[in-house]
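Analysis of the macromolecular model
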Amino acid sequence: MEDYESKRRAESKAALEKIKSGLATKVRILVPADACPACRAIEGAYEFADVPEIPPEGCSCLDGSKAFYAPVLDRFGP
Ligand SMILES: [Zn+2]
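The structure displayed is predicted, hence computed values, not measured ones.

To continue, consider the coordination of the zinc ion. Within the protein, the zinc ion binds to Cys 36 (SG), Cys 39 (SG), Cys 59 (SG) and Cys 61 (SG); these donor distances fall in the range 2.3 Å. Classification of the site at the zinc ion rests on its four donor atoms, whose angles at the metal span 106 to 116°, yielding the label tetrahedral. Along the chain, the residues that donate to the zinc ion are spaced as C-x2-C-x19-C-x1-C. Of this pair, Cys 39 sits in helix α2 (residues 37-41) while Cys 59 sits in the loop between β2 (44-46) and β3 (68-72), placing them 20 residues apart in sequence. Owing to a relative accessible area of 0%, Cys 39 belongs among the buried residues under this scheme.

Parameters and conventions
- Counting restarts for each chain: residues are numbered from 1 in the order of the written sequence.
- Thresholds applied to this predicted model are a pLDDT of at least 70 for local features of residues and 80 or more for the giving and counting of side-chain atom pairs; totals over whole chains, interfaces and linings are not thresholded and use all residues.
- Excluded from the side-chain calculation are hydrogens and water; included are all heavy atoms of the structure.
- Sites may look incomplete, because water is not among the atoms used; the donor set itself consists of N, O and S atoms within 2.8 Å of the metal (3.2 Å for Na, K and Ca).
- Square planar and octahedral assignments, for four and six donors respectively, both demand that opposite donors be over 155 degrees apart and that all other angles lie between 65 and 115; tetrahedral needs four donors with all angles between 85 and 135 degrees, and anything else is irregular.
- Numbering goes from the N terminus for both helices and strands, where a helix is a DSSP run of H or I of at least four residues and a strand is a run of E of at least two.
- Relative accessibility under 20% of the residue-type maximum defines a buried residue, over 50% an exposed one, and the middle range a partly exposed one, all with a 1.4 Å probe and only protein chains included.

What follows is the structure in structure tokens.
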């Protein structure tokens, strides 16, 4: 599954770049409830400098990691 994983990694990276170039101030990793422990462990909001890769190291999701990046738009706060 090496091909699938590197494709997934490239896609995630592209999505992350898009978020970085938008209005987001941080990025959140969203993980489905049926994801593997390695994926569940990286769920949360991150500074751009600290964002882990998707799929994370040690991912054992059967169909590949379904974790994904989402923008955090806290600039629209009060
Ligand atoms: Zn996983």
